[in-house]
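Observations on chain architecture
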Amino acid sequence: MTAPVLLVVAHGSRDPRHAATVHALVRRVRSLRPDLRVETGFLDFNVPSVPAVLESLAAEGVRDVVALPLLLTRAFHAKADIPAVLADAPRRLRVRQAGVLGPSPLLLSALERRLYEAGLTPADKSSTGVVLASAGSTDPEAIAVIADIAREWRHTGWCAVRPAFASASLPRTEQAVRELRELGCERIAVAPYVLAPGRLPDRIARGAAGADVLAGVLGPAPEVARVVVERYEAARTPLRAAA
């Protein structure tokens, strides 16, 4: 049986860094699974669009597709936008939507990778407070997940971990930085819990002006690519059984 095509579904952005980062992540996924066909589609701003990719696959005779939302939390895009787009796929395609990437222990490892790349060391953990800065959402489930991740991460040895949001929810990054400073942490680090550069990650960076360390976005970290493969494999199982 031919493996289902993996369609990575990204949000898209006017910022060219966004698409470049998505494509870099997809290249890393392909390096992990050279046996697997991996395509990329965007919901907005960038091409190819998700409907265009689905139409092209159907025209080639592809039967099975796993559409993987390149999202860290299960909020509006995962619950409404992407299912609506996939529902309009050509009838001859069997399309299954995979789960979002987060939460995952691998993503915590990716966050720490970015902090160490920014200058911290494992020896700094007990004296460093971390702001887990996400894009933000009006979805209570997504906000609760970020808070849960912050609590879990704190138990790995950091002085403290506080969630923050670039939009829709509070606190903002700068507020969390001040809170950690008042708590008495020796140094403050901001870890963007975002996949690619853009308007909201730039807002996080501005809010990190009072911090000592600002990590890079998760981007094409090896751990993120591994999560993509894991979510694909979990979603393709029902397709394999149906065949």
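Above this text you will find the structure in question.
Summarised in this report is the structure supplied together with it. (Residues numbered from 1 in each chain as written. Predicted model: local features only at pLDDT ≥ 70, side-chain atom pairs only at ≥ 80, totals over all residues. Heavy atoms only, no water.)

Considerations on the overall build of the chain
What counts here: Secondary structure is summarised from DSSP: a helix means a run of H or I of at least four residues, a strand means a run of E of at least two, and numbering begins at the N terminus for each. For each residue, the accessible area found with a 1.4 Å probe, counting protein chains only, is set against the maximum for its type, and the residue is called buried under 20%, exposed over 50%, and partly exposed in between. The contact criterion used throughout is that any non-hydrogen atoms of two residues lie within 4.5 Å.
When its secondary structure is counted, the chain shows 8 helices and 8 strands. Each principal axis of the C-alpha distribution contributes one length, and for the chain these read about 60 × 30 × 30 Å. Expressed as a percentage of its 243 residues, the buried residues of the chain come to 52%. Contacts in the chain between residues far apart in sequence, at least 24 positions, make up 77% of those at least 6 positions apart.

Observations regarding the pairing of strand 2 (residues 38-42)
Looking along a regular strand, one sees the side chains alternate between the two faces of the sheet. Threshold: Strand pairing requires that DSSP identify at least two bridges connecting the strands. Consider the strands pointing away from the viewer: the crossover is right-handed when the path from the first strand over the helix to the second runs clockwise.
Burial of strand 2 is extensive: 4 of the 5 residues sit out of reach of the surface. Bridging between strand 1 (residues 5-10) and strand 2 involves 5 bridges; their strand directions are parallel. Paired with Ala10 across the two strands is Phe42, which belongs to strand 2. After leaving strand 1, the chain enters helix 1 (residues 16-32) and then returns to the sheet as strand 2, a path that is right-handed.

So, unusual backbone geometry
The phi torsion of most residues other than glycine is negative, and most of the peptide bonds are trans. Here the amide bond leading from Gly102 into Pro103 is cis, since omega sits at -5 degrees, within 30 degrees of zero. Counting through the fold element by element, Pro103 comes out in the loop between strand 4 (94-97) and helix 4 (105-117). Residue Leu170 is joined to Pro171 through a cis peptide bond whose omega torsion reads 5 degrees. Here Pro171 is to be found in the loop between strand 6 (160-165) and helix 6 (173-183).

A short note on the nonpolar core
A general trend in soluble globular proteins is that nonpolar side chains are found buried together. The following threshold applies: We call a set of buried Ala, Val, Leu, Ile, Met, Phe, Trp, Tyr and Cys residues a nonpolar core when their side-chain atoms join them within 4.5 Å.
Grouped together as the largest cluster of nonpolar side chains are 48 residues, with contacts concentrated most on Leu70, Leu101 and Trp153. The greatest single-element share of this core, amounting to 7 residues, is contributed by helix 8 (residues 222-242). Look past the residues within four positions of Leu101 in its chain and what remains in contact with it is Leu68, Pro69, Leu70, Leu71, Leu72, Leu107, Leu195, Val224, Val227, Val228 and Arg231.

Observations regarding the sheet that holds strand 6
The following threshold applies: Angular values range over 0 to 180 degrees, each being the angle between N-to-C directions of two axes fitted as lines to C-alpha atoms, with helices fitted over their stretch in contact.
The sheet built from 4 strands is open, its strands ordered 6-5-7-8 with parallel pairing. For this open sheet the edge positions go to strand 6 and strand 8 (213-214), each flanked by a neighbour on one side alone. Packed on one face of the sheet, helix 4 meets strand 5 (128-134) and strand 7 (187-192) and runs near 125 degrees to strand 7.

Here's the deal with the packing of aromatic side chains
A ring pair, where both rings are aromatic, is described by two values, the distance of the centres and the angle of the planes. So the rule is basically this: Any two rings among Phe, Tyr and Trp, with Trp reduced to its six-membered ring, count as a pair given centres within 6.5 Å; such a pair is stacked if its planes are under 30 degrees apart, edge-to-face if over 60, and tilted if neither.
Per the stated rule, a full pass over the model turns up 1 aromatic pair. Ring geometry for Trp153 versus Trp158: centroids 5.8 Å apart, planes at 70 degrees, classification edge-to-face.

A short note on the side chain of Asp15
The topology assignment puts Asp15 in the loop between strand 1 and helix 1. Residue class for Asp15 comes out buried when judged on its relative accessible area of 15%.

Quick notes on helix 7 (residues 199-207)
The line we're drawing: Of all possible arcs, the one meant is that of the directions from the helix axis to the C-beta atoms.
For helix 7, the complete set of buried residues consists of Leu200, Pro201, Ile204 and Gly207. Axial view of helix 7: buried residues confined to an arc of 115 degrees, hence all on one face. Of the exposed residues in helix 7, the ones pointing more than 90 degrees away from its buried face are Arg199 and Arg206. Along its buried surface, helix 7 packs onto strand 5, helix 6 and strand 7.

Section: the sheet that holds strand 3 (residues 64-69)
If you trace the 4 strands from one edge of the open sheet to the other, you get 2-1-3-4, paired in parallel fashion. Each edge of the sheet is formed by a strand with only one pairing partner; in this case those strands are strand 2 and strand 4. Strand-to-strand twist in this sheet, taken as the mean axis angle between neighbours without regard to direction, amounts to 25 degrees. Relative to strand 3, strand 1 runs parallel, the two being bridged by 5 bridges. Bridge assignment links Val9 to a residue of strand 3, and that residue is Pro69. Along the sheet, helix 2 (residues 50-60) makes contact with strand 1, strand 2, strand 3 and strand 4, crossing strand 2 at roughly 145 degrees. Here helix 3 (residues 76-87) sits on the sheet in contact with strand 1, strand 3 and strand 4, set at roughly 170 degrees to strand 4.

A few points about the pattern of salt bridges
Short version of the rule: Here, a salt bridge means any Lys or Arg side-chain nitrogen found within 4 Å of an Asp or Glu carboxyl oxygen.
Throughout the structure, instances matching the rule amount to 19 salt bridges. A salt bridge links Arg17 to Asp15, with the nearest nitrogen and oxygen atoms 2.6 Å apart. For Arg17, a relative accessible area of 37% gives the class partly exposed. One salt bridge connects Arg33 with Asp35, and the closest N-O pair in it is separated by 2.8 Å. With relative accessibility at 15%, the residue Arg33 sits in the buried group. Overall, Asp35 belongs to the exposed group, its relative accessible area being 55%. Residues joined in a network through salt bridges with shared partners are Arg33, Asp35, Glu233 and Arg236.

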